[in-house]
Amino acid sequence: MANIASTAWEVARAACPKHMAHGPCAGVSDSGACEVPSFGPCPYTGAWPFPIAFEEGTRRESAKPFVLTDLPGAPLDAASLRASARILAGSADAFLLGDHGAERVQFPPSYRARLLADEGVAAWPGINCRDRNRVALEGELAACADAGAAGVHCVTGDHPALGHRPDAMPVFDLDSTDLTALARRAGLRVSVAHNPASPPAGLRLPRLLTKVAAGADVVVVDHCGGAEPVGRAVDALRGAGFAGTVLVCVPVATDAVSARVLAGFAAGRLPPGYLARLFEAADQRVAGIDAAISLARGLLAHPGVDGVNLSAGTRAGHELATARDLATIGRELRP
Ligand code: SF4
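Here is what the cut-offs are and how they apply
- Residues numbered from 1 in each chain as written.
- Predicted model: local features only at pLDDT ≥ 70, side-chain atom pairs only at ≥ 80, totals over all residues.
- Heavy atoms only, no water.
- Buried < 20%, exposed > 50% of the residue type's maximum accessible area, 1.4 Å probe, protein only.
- Helix = DSSP H or I, 4+ residues; strand = E, 2+ residues; numbered from the N terminus.
- Contact = heavy atoms within 4.5 Å.
- Polar contact = N/O pair within 3.5 Å; in protein donor to acceptor, adjacent residues only side chain to side chain.
- Axes fitted to C-alpha atoms, helices over the stretch in contact; angles between N-to-C directions.
- Parallel < 35°, antiparallel > 145°, perpendicular 65-115°, else oblique.
- Left-handed = near helix turned anticlockwise from the far one by under 90°.
- Nonpolar A, V, L, I, M, F, W, Y, C, P; charged D, E, K, R; others polar.
- Salt bridge = Lys/Arg side-chain N within 4 Å of Asp/Glu carboxyl O.
- Phe/Tyr/Trp six-rings, centres within 6.5 Å; stacked < 30°, edge-to-face > 60°.
- Near = heavy atom within 4 Å.
- Expected span 1.5 Å × (residues − 1).
- Arc of directions from axis to C-beta.

Further remarks concern helix α5 (residues 176-185). Of all 10 residues in α5, seven are buried; the element is thus mostly enclosed. At its buried positions, α5 is contacted by β3 (123-127), α4 (134-146), β4 (152-154), β5 (190-194) and α6 (204-213). You can read the cap of α5 off the contacts: a side-chain oxygen lies 3.1 Å from the backbone nitrogen of T177, and it is on D175. Following α5 by one or two positions, G187 adopts a phi angle in the positive range, close to 85 degrees.

See the structure below:
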């Protein structure tokens, strides 16, 4: 792991409400402000890491695309998760179990992985550092491995001030880079997020490479403005020597409400006109499915892209309908 210690760095770390040890989170606003309301400027924007050293591997090309699909499910509802898993079975290689600001209280990732394993599908749970300290995270990772998770997606997580449970104490004993190293030691395959469009855009690659150096072997490139910017981000990542798996996010919205959900967390980073075309379509469901398939195929044609993450805006109460749409898209993309 590279040495990124410096006085400016330590000052920034001490001030950061999430104690980020390896650089700024993706919550920095376009104006350079912290994601936590009224905190002020992110102290990391003037202090960036030096080049990161990591061991380059040999890339093995896969004949078929890897499809990682969000698994919609009502929170704290095993029947909903199981039903969604049954609908999606066979349409993807693994299913991402995410986190949402309006639904902070969820079954633990390992329990959700176990529920999916019971239905014969592979879970890829998201693990965050917001709600658990390092000891609890070690136990959670061990439980995910025991539950048969295909991998884990390691994130620092939003500050609780951003979700519907601002009453919760923020933990942030670790950040995503520390968590990545912990997950690798637990024997798990690890994915991490790359946010090329998050400010300061253009300086996100060194931040990502700290996570690669810590053991990440899958990189999920977040929405960053469409095929061309995604292609540039992938080229830069491959140019830096990353030989692992690269997945790129494909936004999925199949009605006006789910489009607004998607816009709520990815506005300004979706392909130009992507949602506008959906709003204008006579059949929004068909238009949304066709748009996702078309975008995914275009992204998969770019050298260095191994697969996609189908990322859906799911509205409460419509989880199974969203699962059916995601299954339709996934089956089209997998030969
Ligand atoms: S934007 Fe993120 S890294 Fe920067 S100060 Fe806020 S929480 Fe810390």
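Now for the packing of helix α2 (residues 78-88) against helix α11 (residues 319-333). Packing of α2 against α11 leaves a shortest axis separation of 8 Å and a crossing angle of 25 degrees. Considering their axes alone, α2 and α11 lie roughly parallel with respect to each other. Both α2 and α11 take part in a crossing whose hand is right-handed. Contact with α2, carried on its side by S80, A83, S84, I87 and L88, involves E319, L320, A323, R324, L326, A327 and R331 of α11 and no other residues of that element. Grouping the constituent residues of the contact of α2 with α11 by class yields seven nonpolar, two polar and three charged.

Locating L115 in the fold gives a position in helix α3 (residues 109-118). C-alpha of L115 to C-alpha of P271: the two residues are 156 residues apart in sequence and 35 Å apart in space. With sequence-adjacent residues up to four places away left out, L115 is seen in contact with A78, L81, R82 and F107.

When charged atoms on two side chains of opposite charge get close, those side chains can pair. Under the definition given, this model contains 20 salt bridges. Residues R130 and D99 are paired through a salt bridge, measuring 3.0 Å at the closest nitrogen-oxygen approach. Taken together, the residues R130 in the loop between β3 and α4 and D99 in the loop between β2 (94-97) and α3 connect sequence positions 31 residues apart. A salt bridge links R285 to D325, with the nearest nitrogen and oxygen atoms 2.7 Å apart. Residue R285 is located in helix α10 (residues 284-300), and its partner D325 is located in helix α11; the two are separated by 40 residues in the primary sequence. For R285, a relative accessible area of 39% gives the class partly exposed. Residue classification places D325 among the buried positions, given a relative accessible area of 5%. The network of salt bridges with common partners includes R82, R86, R114, D118 and E119.

Now for the packing of aromatic side chains. Counted according to the given criterion, the structure contains three aromatic pairs. Between F66 and W124 the ring centres are 6.2 Å apart and the planes differ by 75 degrees, which places this aromatic pair in the edge-to-face class. Taken as a pair, F66 in strand β1 (residues 66-70) and W124 in strand β3 lie far apart in primary sequence, 58 residues in all. Considering the side-chain rings of F107 and Y111, the 5.0 Å spacing of their centres and the 90 degrees angle between planes classify their relative orientation as edge-to-face.

Attention shifts here to the environment of L278. Structurally, the position occupied by L278 is in helix α9 (residues 274-280). On the basis of relative accessible area, L278 is assigned to the buried category, the value being 3%. Linking L278 and G268, residues 10 residues apart in sequence, is a C-alpha distance of 16 Å. When residues no more than four places from it in sequence are discounted, the contact partners of L278 are A253, T254, D255, A259, Q284, A287 and G288.

So, about the site of the ligand. Near the ligand, the surroundings consist of C16, P17, K18, M20, P24, C25, V28, C34, E35, C42, P43 and Y44. Tallied by class, the residues present in the shell around the ligand amount to 10 nonpolar, no polar and two charged.

Tracing the backbone shows A12 in helix α1 (residues 7-15). A C-alpha to C-alpha distance of 5.5 Å links A12 and Y44, two positions 32 residues apart in sequence. Discounting chain neighbours no more than four positions away, the residues touching A12 are P43 and Y44.

Our focus in this paragraph is helix α7 (residues 227-239). The terminal C-alpha atoms of α7, which comprises 13 residues, lie 18 Å apart, in line with the 18 Å expected from a rise of 1.5 Å per residue. Turning to α7, its buried residues are V230, G231, A233, V234, L237 and R238. Buried residues of α7 fall within an arc of 165 degrees about the axis and therefore sit on the same side. Facing away from the buried side of α7 by over 90 degrees, the exposed positions are E228, R232 and G239.

By themselves, these are just geometric observations and shouldn't be taken as functional.
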